[in-house]
Amino acid sequence: MHIAVCIKYIPDPEAAFSQFSIDEQAKKVVPAPGLRHVVSPFDEQAIEAALRVREQHAGARITVITLGNEASRNALKHGLAMGADDGVLLMDPAFDDGDGYTTTLALSAAIRKLATVDLVLTGRQAADGDAGIVGAGIGEELNLPVLTFAKAVVMEGAAASVVRVERVLDDGTEIVEADLPALVTVSNELGAPRAPSLRETMRAARKPMVVWKAADLELDVATLGAAGARTARERIFVPSKAVQCEFIEAATPEEQGARLAARLREAKVL
Amino acid sequence: MSVLIAIELTGEKPSNASLELLALARTLANGNPVVALSLGADVGLTETLIARGADKVVLGARETFTDINSDVWATCATDAARKHGATLVLAPHTPFGADIAPRLAFRLNAACATGCVSIDRQDGALLCTRAAHGGNVREVLRMKARVTVATLRAGVYDALPADTTRKGEGIILTEPPPSRIRVLERKRDAAEGVRLEDAKVIVAGGRGLGGAEGFKVLEPLAHALGGVVGASRVPCDLNWCSHAMQIGLTGKTVTPELYIAVGISGASHHLAGCGNAKTIIAINTDKDAAIFREARFGVTGDFAKVVPALTAAIRALPKDL
Ligand SMILES: Cc1cc2nc3c(=O)[nH]c(=O)nc-3n(C[C@H](O)[C@H](O)[C@H](O)COP(=O)(O)OP(=O)(O)OC[C@H]3O[C@@H](n4cnc5c(N)ncnc54)[C@H](O)[C@@H]3O)c2cc1C
Ligand SMILES: Nc1ncnc2c1ncn2[C@@H]1O[C@H](COP(=O)(O)O)[C@@H](O)[C@H]1O
């Protein structure tokens, strides 16, 4: 069993937005220098899902893949320290300023090059762009059945030839399955990812990590990066809000509650 | 441009978010057909959808489409988009729409934008405005492919009133396509009362409630206001309440008249799902909590004391005439 997990290295999505600024010229969100970067949370949970599958099926190999820059090696290192077996970094100026479409092409080509992948795991969405396109996109590019928003991922069948997923819906969950190879996107309901242990962190330094460029993936650069993107950012801005909060003051919290009710009636909210 | 809409059902009826898409489609179609696709529906829905703005309704009847899943949806929507020459495909930004939209985009060689808050046309191109970075920024994307697939958040456009004089065409699908996935079981939460998406009043609880018991304090307040209880992500992740109660970026998008946030700090990820409420009230022990920057009325105090008093006082208010 070979599992590929696609992980993106992003600025801490829970950092206060005062830690970011907007470059209107470049139409980009710029993190403050030194702001902590992390593996996007749902992607970290996708690694966790892979590790749980391996606990069920000893011998499964887990490859973490990221498309990014030199710093994104840290994402792979984190995945290896959590317990993944090897890492692939897709790095090439040709990938720059792409969109979900071009990212999908590159990641799909990398998975194809790995040749032996049975299960692809991604996050439900990357926590910087919040798009949720690339996971399902890889499924389409590789012509795999796609199971989204997984809260649990297990293997079924004697030869583990089927993946069974509990999916999060609007009003509950459903249990679905598909024959391997398949693609699954993971949601936060999967639960907290494990922290790297000291032992795995030490071992991680010796695990293989390769770097592939566009040429290694036999991709036409015209389909990549800004040239291949199907969307172009026209503008980026911070939405303005003009609410002034009226605080309800009183001697005790009970009186505050009562006074709020009266004030809401007065203001015709109730 | 011809527009295809994936209609999501809630129970037997099209969801409000789906009806809002019909209204948006009418403004973008410029006289070209608006095609609605509904699977697993009662055939009577054709008339409803035409009255709400569709010109053609492609329908997979409940009797033939007995086992619908996301794979079936993706195939039917791709076929319908091709057959009716749709250059814009819309779905609500719910687990249903967010699941199928990217797949349609790849199958149709389309550009894709998810979680949009508006779509406009400018010099013949579509501009999709969407929230990114946890709801902190808006980006405007110019769609560069011939076909666009987009999901929209609820509550941005007003659905059209039903016009039973509108004429349209109904097309019944004869056979569901083959599927590569199998649904083994559905565990639906017991549907009690109003859905969060349709509620006029929502009382939402966060980590500040301290545990599942905290939600017991919110229920009487919601009840007194004729509303329902929702939550931020933290209590859902901690199993204090059902994940179906989650409001926010990856939870539900709600647009009530009144939103009372109790013990919720006001993270952008949460506000992404409730920021469009008409009036927000916050109850929080921390006077500097971000939620107060969104709220029209605020109480700094312990919810365990404030909420019961508020509930009692609301019950004691003279009834509106
Ligand atoms: C990619 C991503 C997606 C996310 N999606 C969502 C989402 O869809 N929905 C969502 O909600 N979150 C989401 N989050 C999480 C979000 O960033 C916040 O962590 C979360 O909303 C915080 O929940 P909270 O306000 O309940 O908890 P906290 O931030 O811990 O706030 C608790 C508040 O309770 C107050 N409090 C404490 N005790 C009391 C008391 N006795 N009485 C009154 N007030 C009290 C505190 O002052 C504090 O302000 C997402 C995060 C990421 C990274
Ligand atoms: N640059 C990237 N490198 C690796 N994986 C990625 C990258 N971008 C997106 N993904 C994967 O695709 C998922 C969805 O991303 P997105 O469509 O950008 O929201 C993420 O959760 C990741 O698993």
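Reading guide: rules and limits
Sequence order sets the numbering: in each chain, residues are counted from 1 along the sequence as written. Written order determines the labels here, with chains lettered from A and ligands numbered from 1. The predicted nature of this model means local features are confined to residues of pLDDT at least 70 and side-chain atom pairs, given and counted, to a pLDDT of 80 or more, with totals for whole chains, interfaces and linings taken over all residues. Hydrogens and water are ignored here; the side-chain numbers use all heavy atoms of the structure. Any residue with a heavy atom lying within 4 Å of a molecule or strand is counted as near it. Between N or O atoms, a polar contact is any pair within 3.5 Å; within protein, one atom must be a potential hydrogen donor and the other a potential acceptor, and residues adjacent in sequence are included only when both atoms are from side chains. Per-residue and other accessible areas were derived by the Shrake-Rupley procedure at a 1.4 Å probe size, with only the shown protein chains allowed to occlude residues. The way it works is that DSSP assigns letters per residue, a run of H or I at least four long becomes a helix, a run of E at least two long becomes a strand, and they are numbered from the N terminus. Residue polarity is assigned by list, with Asp, Glu, Lys and Arg as charged and Ala, Val, Leu, Ile, Met, Phe, Trp, Tyr, Cys and Pro as nonpolar; anything else, Gly included, falls into the polar class. Contact definition: two residues touch when any of their heavy atoms are within 4.5 Å. Accessible-area loss on putting two parts together, using a 1.4 Å probe and summing over both, is the definition of buried area adopted here. Think of a salt bridge as a Lys or Arg side-chain nitrogen and an Asp or Glu carboxyl oxygen that are within 4 Å of each other. Strand pairing is assigned whenever DSSP identifies at least 2 bridges connecting the two strands. What marks off one domain from the next here is an automatic or database domain assignment. Every axis in this analysis is a line fitted to C-alpha atoms, fitted for helices over the stretch in contact. Angles between the N-to-C directions lie between 0 and 180 degrees. For classification purposes, angles smaller than 35 degrees are called roughly parallel, those larger than 145 roughly antiparallel, those between 65 and 115 roughly perpendicular, and all remaining angles oblique. Each crossing gets its handedness from the near helix: less than a right angle anticlockwise from the far helix is left-handed, clockwise is right-handed.

## A word on the site of ligand 2
Residue and element names in this part refer to chain A. Neighbouring residues of ligand 2: 18 residues in total, closest Cys-6, Asp-43, Gly-132, Ile-133 and Val-134. One nitrogen or oxygen atom from the main chain of Ile-133 is found 2.6 Å from an oxygen atom belonging to ligand 2. In the complex, the protein chains occlude 96% of the 490 Å² of accessible area that ligand 2 would expose alone. Looking at the shell around ligand 2, the elements with two or more residues in it are strand E6 (61-67), helix H3 (100-114), strand E8 (119-123) and helix H4 (134-141). Per-element accounting of the shell around ligand 2 gives the leading share, 3 residues, to E6. Of the residues contributing to the shell around ligand 2, the split by class is 9 nonpolar, 7 polar and 2 charged.

## What about the interface of chain B and chain A?
Listed per partner, the contact involves 79 residues of chain B and 77 residues of chain A. When chain B packs against chain A, close to 7000 Å² is buried across both sides, 57% of that on carbon and sulfur atoms. Considering only the surface of chain B that becomes buried against chain A, Phe106(B), Arg182(B) and Phe297(B) emerge as the three largest contributors, covering 11% of it. Our count for the contact surface shared by chain B and chain A stands at 9 salt bridges. Measuring nitrogen to oxygen at the nearest pair gives 3.3 Å for the salt bridge that ties Arg167(A) to Asp99(B). At the surface where chain B touches chain A, the tally comes to 37 residue pairs in polar contact (both at pLDDT 80 or more). Across 2 bridges, the pairing between strand E15 (residues 246-247) of chain A and strand E17 (residues 297-300) of chain B is parallel. Looking across to E17(B), one finds that Glu246(A) is bridged to Phe297(B).

## Some remarks on unusual backbone geometry
Residue and element names in this part refer to chain A. The amide bond that connects Leu-180 to the next residue, Pro-181, takes the cis arrangement and shows omega of 0 degrees. Within the secondary structure, Pro-181 is located in the loop between strand E11 (172-179) and strand E12 (182-186). Backbone geometry at Lys-27 places phi at a positive 55 degrees, although glycine is not the residue there. With respect to the helices and strands, Lys-27 occurs in the loop between strand E3 (20-23) and strand E4 (28-31). Notably, Asn-143 is not glycine yet its phi reads approximately 55 degrees, a positive angle. Within the secondary structure layout, Asn-143 lies in the loop between H4 and strand E9 (146-156).

## A few points about the domain arrangement of chain A
The domains assigned to chain A are domain 1 (2-228) and domain 2 (240-270). Each of domain 1 of chain A and domain 2 of chain A was reduced to a C-alpha centroid, and the two centroids are 46 Å apart.

## Some words on the domain arrangement of chain B
Residue and element names in this part refer to chain B. Domain annotation for chain B reports domain 1 (3-172) and domain 2 (196-316). Measuring from the centre of the C-alpha atoms in domain 1 to the corresponding centre in domain 2 gives 31 Å. The interface of domain 1 with domain 2 comprises 8 residues on the first partner and 8 residues on the second. Buried area between domain 1 and domain 2, summed over both chains or domains, comes out near 700 Å², and the portion from carbon and sulfur atoms is 42%. Counting across the interface, domain 1 meets domain 2 through 0 salt bridges. Inspection of the domain 1/domain 2 interface yields 6 residue pairs in polar contact (both at pLDDT 80 or more). Taken together, the residues that form the side of domain 1 that touches domain 2 break down as 1 nonpolar, 6 polar and 1 charged.

## Things to note about the site of ligand 1
In the region of ligand 1, 28 residues are neighbours, and Arg207(B), Ser232(B), Ser265(B), His269(B) and Asn284(B) sit closest. Of the chains in the model, those with residues near ligand 1 are chains A and B. Between ligand 1 and Arg207(B), the relevant distance is 2.6 Å, taken from an oxygen atom to a side-chain nitrogen or oxygen of the residue. Calculation on ligand 1 without its partners gives an accessible area of 990 Å², and the protein chains cover 86% of this total. For the shell around ligand 1, the elements supplying multiple residues, two or more each, are helix H6 (233-237) and helix H7 (268-274) of chain B. A class-by-class count of the residues in the shell around ligand 1 yields 9 nonpolar, 14 polar and 5 charged.

## Here we look at the packing of helix H3 (residues 70-83) of chain B against helix H4 (residues 95-107) of chain B
Residues and elements named next belong to chain B. One way to put it is that H3 packs onto H4 with a least axis distance of 9 Å and a crossing angle of 50 degrees. Considering the angle they form, H3 stands oblique to H4. Considering how the two elements wind past one another, H3 and H4 form a crossing that is right-handed. Across the interface between the two elements, Ser-70, Asp-71, Trp-73, Ala-74, Thr-75, Ala-77, Thr-78 and Arg-82 from H3 touch Phe-96, Asp-99, Ile-100, Arg-103, Leu-104 and Arg-107 from H4.

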